[in-house]
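# Chains, contacts and geometry: an overview
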Amino acid sequence: TKRRVSPAGVFLLAGPARGGDGSALTAITCFTRGLDLRKEREDVLCPANCPLWQFHVYGNGVYASLSSICGAAIHSGVIISTGGPVRVQSLPGEENYPAAYANGIQSQALTRWASSFSVSSSVALAAAGQPVSTARPSTGKRPKKPLEKKTGNKECKADIAFLIDGSFNIGQRRFNLQKNLVGKISVMLGIGAEGPHVGVIQASEHPKIEFYLKNFTTAKDVLFAIKEIGFRGGNSNTGKALKFTAQRFFSMDNGSRKGIPKIIIVFLDGWPSDDLEEAGIVAREFGINVFIVSVAKPTPEELGMVQDIGFVDKAVCRNNGFFSYQIPTWFGTTKYVKPLAQKLCTHEQMLCSKTCYNSINIAFLIDGSSSVGDSNFALMLEFISNVAKAFEISDIGSRIAAVQFTYDQRSEFIFSDYTTKEKVLTAIRNIRYMSGGTATGEAISFTNKNVFEPVKNGPNKNFLVILTDGQSYDDVRGPAAAAHKAGITVFSIGIAWAPLDDLKAMASEPRETHTFFTREFTGLEQIVTDVTRGICRDFLDSNQ
């Protein structure tokens, strides 16, 4: 018996058994995969007593090449657990591999893989004295216990591109350690259909997309895909790869989702061999949050070789410390996995994304009638300030406006007046209580015309938050319907004697989630979070 090594580094035994065409059967292990074979058609010998629960099988009839050959053979009924000969036929990749339960093995679903294989038995092989399977062929039926849908971490919706260093600078060994780190972060994120999606691009002489956001939606599949990435070598042209990723990776066709933060996390061993500043500018223009993870940063002696020692600050989304991370070495990186994953899930910090935090206009319509009183009016202003604090206010981000009403209306400030959070909060504090009657309908019409009309063609989504403590003397339904028709999402907040029917009539659909009520003005503090979450929920829903 001769011993040889497979391309995957697994020792294989080539015994005296012969295939149907007279060629020697290649003895393989329980876990040899289709991609470990190099011939288009090969006759192999599976061992006996493979542990069925350890098999990784993807597909039904046609299997993704990262599947175990022996697992696929048992699943399809070609052999049983006692092992035996299998003919493996290489096939092109498929768009979808369905999940199916058969012969004690639950295969998994997989979206798109580069290559496939099928398995079959052979009369000639059986005639050579090898056992023939009596297992039932796959029916495609699932087990009695239904499969759980992998929804993922819904609190961390993000589209994340890992831009890994594949240059000669990092080398093969550290490249593998880098892949392990990326895999662990992916698991920690909680990948799933309704959670974060990830893809990988390798930076070297020329950037290469290893897989897209749409290819895999489970951590297990992502781990397999990362494991299969080969080291390319070449210069560390990180700037070139970053620009390429920003321009081409995040498209709808490639799986990018509307209203979800777009993130590129760049792993860099040492320093880049090209310029990152232009690439960082391009990424910001595309609304992408760039993180730089520097590993083994240049020593003082090596700094003379770096084109621009400030390359990190020029590439990241914002030079505020949040978007850069330093790791001293590729060894022992497990302790950095959780803090990195937490950064990627902190949506309110993603200042370069078009998200609910930096892409909306909120106008507050404030009841200044006599029934409110000075102290309660101050509580309303405090509520407005707390809501405003949650958003990233700037000339290219979110904007805030305020209108106070009684029988009359007064624009306290409009969207174009203040472009920083500090100035907005100061303007809110300076609002003076009017006192008077209550004409909420006219106030809605006034706000629609004077506050929202000037920004109706702008990029931001428009929200109106109405605060009132009593019955309006005029009709609210007609003006509210006009606001809804103009694309303004209305939240109505009632205090004390505000009638619920009017609150619901003013609110957007579904009215139950856009209507709030508190008996006391002090209760406004308790609904700040609900209102901000409701605004973000509507923003995401409108971008689906």
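This text follows the structure it describes.
Description of the structure in this document. Everything quoted here is computed from the prediction, not taken from an experiment. (Residues numbered from 1 in each chain as written. Predicted model: local features only at pLDDT ≥ 70, side-chain atom pairs only at ≥ 80, totals over all residues. Heavy atoms only, no water.)

## Focus on the state of the cysteines
Tallying each qualifying case throughout the model produces four disulfides. What pairs with cysteine 46 in a disulfide is cysteine 70, and their sulfur atoms sit 2.2 Å apart. Because the torsion about its S-S bond is -100°, the bridge between cysteine 46 and cysteine 70 counts as left-handed. Linking cysteine 46 in strand S4 (residues 41-46) with cysteine 70 in helix H1 (residues 69-76), this pair joins segments that are 24 residues apart in sequence. Considered together, cysteine 46 and cysteine 70 belong to a single accessibility category, that of buried residues. Residue cysteine 156 pairs covalently with cysteine 345 via a disulfide, S to S 2.0 Å. Around the S-S axis, the bridge from cysteine 156 to cysteine 345 shows a dihedral of about -80° and counts as left-handed. A residue pair is termed long-range when its members are at least 10 positions apart, and cysteine 156 in the loop between helix H2 (123-127) and strand S13 (159-165) and cysteine 345 in the loop between helix H8 (337-344) and strand S19 (360-367) qualify at 189 residues. (Disulfide = S-S within 2.5 Å. Helix = DSSP H or I, 4+ residues; strand = E, 2+ residues; numbered from the N terminus. Buried < 20%, exposed > 50% of the residue type's maximum accessible area, 1.4 Å probe, protein only.)

## Quick notes on the layout of surface pockets
Each pocket or cavity is described by its volume, and for the largest pocket that value is around 730 Å³. Lining the largest pocket are 22 residues, with Glu155, His347, Tyr357, Cys536 and Leu540 sitting closest to its centre. Here the lining of the largest pocket is composed, by residue class, of nine nonpolar, six polar and seven charged. Viewed by domain, the lining of the largest pocket spans two of them, domain 2 (159-349) and domain 3 (360-542), each represented by three or more residues. (1 Å grid on protein atoms, 1.4 Å probe; cavity = no way out; pocket = protein on both sides within 12 Å on 5 of 7 lines; lining within 4 Å. Points joined across faces, edges and corners; volume = space filled by probe spheres on them. Nonpolar A, V, L, I, M, F, W, Y, C, P; charged D, E, K, R; others polar. Domains from an automatic or database assignment.)

## Comments concerning the packing of aromatic side chains
One pass over the structure, following the stated rule, counts 20 aromatic pairs. Ring centres 6.4 Å apart and planes at 20° place the aromatic pair phenylalanine 491 and phenylalanine 516 in the stacked group. Taken together, the residues span a long stretch of sequence, with phenylalanine 491 in strand S23 (residues 489-495) and phenylalanine 516 in strand S24 (residues 515-518) at a distance of 25 residues. For the residue pair phenylalanine 491 and phenylalanine 516, the accessibility class agrees, reading buried in each case. Members of the aromatic cluster, each reached through a chain of ring pairs, are Trp113, Phe211 and Phe216. Between lysine 343 and the ring centre of phenylalanine 322, over which it is positioned, the NZ or CZ distance is 4.3 Å. (Phe/Tyr/Trp six-rings, centres within 6.5 Å; stacked < 30°, edge-to-face > 60°. Lys NZ or Arg CZ within 6 Å of the ring centre and 35° of its normal.)

## So, the sheet that holds strand S22 (residues 461-468)
With mixed pairing, six strands are arranged side by side in an open sheet as S21-S20-S19-S22-S23-S24. Of all strands in the sheet, those bounded by a partner on one side alone are strand S21 (409-413) and S24. Across the sheet, the axes of successive neighbouring strands diverge by a mean angle of 20°, strand direction being ignored. (Pairing = 2+ DSSP bridges. Axes fitted to C-alpha atoms, helices over the stretch in contact; angles between N-to-C directions.)

## Points about helix H10 (residues 421-429)
Those residues of H10 that sit buried are Val424, Leu425, Ala427 and Ile428. The buried residues of H10 occupy an angular sector of 160° when the element is viewed end-on, so they sit on one face. Residues of H10 that are exposed and point more than 90 degrees away from the buried face comprise Glu422, Lys423 and Arg429. Tucked into the core, H10 has its buried residues touching helix H9 (374-389), strand S20 (399-405) and S21. (Arc of directions from axis to C-beta. Contact = heavy atoms within 4.5 Å.)

## Digging into the pattern of salt bridges
Summed over all chains, the structure comprises 14 salt bridges. A salt bridge links aspartate 269 to arginine 174; the shortest N-O distance between them is 3.5 Å. Note that aspartate 269 is positioned in strand S16 (residues 262-269) and arginine 174 in helix H3 (residues 171-189), a separation of 95 residues in sequence. Arginine 174 sits in the partly exposed class, given a relative accessible area of 29%. Here the salt bridges share partners, and the residues they tie into one network are Arg33, Asp36 and Glu228. (Salt bridge = Lys/Arg side-chain N within 4 Å of Asp/Glu carboxyl O.)

## A look at the environment of glycine 270
The topology assignment puts glycine 270 in the loop between S16 and helix H6 (277-285). The exposure class of glycine 270 is buried, given its relative accessible area of 5%. Considered as a pair, glycine 270 and lysine 297 are 27 residues apart in the sequence and their alpha carbons are 4.8 Å apart.

## Some points on the sheet that holds strand S17 (residues 288-295)
Spatially, the six strands line up as an open sheet ordered S15-S14-S13-S16-S17-S18, and their pairing is mixed. Looking along the sheet, the strands with just one partner apiece sit at the ends: strand S15 (208-211) and strand S18 (324-327). The average angle at which neighbouring strand axes cross in this sheet is 20°, direction not considered. Its contacts with the sheet place H8 against S13, S16, S17 and S18, and it is angled at close to 170° to S18.

## Here's the deal with the nonpolar core
Within the largest apolar cluster, 75 residues are counted, with the highest numbers of intra-cluster contacts made by Phe162 and Phe267. Both domains that meet at this core, namely domain 1 (26-121) and domain 2 (159-349), each give it at least three residues. When near neighbours in sequence (up to four residues on either side) are disregarded, phenylalanine 162 contacts Val182, Ile185, Ser186, Leu189, Val198, Gly199, Val200, Ile201, Ile265 and Phe267. Counting residues in each nonpolar core, the second largest holds 39 residues, with Met380, Phe383, Ala427 and Val465 among its members. (Core = buried A, V, L, I, M, F, W, Y, C linked by side-chain atoms within 4.5 Å.)

## So, empty space enclosed by the protein
Using the criterion set out here, one finds two cavities of 30 Å³ or more in the structure. Its volume calculated, the largest cavity comes out at about 50 Å³. Residue lining of the largest cavity: Thr440, Thr468, Gly470, Gln471, Ser472, Val476, Pro499, Asp502, Leu503 and Met506, and that is the complete set. The leading source of residues in the lining of the largest cavity is helix H13 (residues 500-506), at three residues.

## Let's talk about the packing of H9 against helix H14 (residues 528-542)
Following both chains from N to C, one finds H9 and H14 inclined at 45°, their axes separated by 10 Å at the closest point. The angle between H9 and H14 falls in the class oblique. Two packed elements cross with a definite hand, and for H9 against H14 that hand is right-handed. The segment H9 lies against H14, with Phe383, Asn386 and Val387 engaging Val528, Val531 and Thr532. For the contact of H9 with H14, the per-class residue count stands at four nonpolar, two polar and no charged. (Parallel < 35°, antiparallel > 145°, perpendicular 65-115°, else oblique. Left-handed = near helix turned anticlockwise from the far one by under 90°.)

## Brief notes about the environment of glycine 233
Structurally, glycine 233 can be placed in the loop between helix H4 (219-227) and helix H5 (238-248). Along the backbone, glycine 233 and glycine 166 are 67 residues apart, and their C-alpha atoms lie at a distance of 5.5 Å. Setting aside its immediate chain neighbours within four residues, glycine 233 contacts Gly166, Ser167, Phe168, Ser204 and Glu205.

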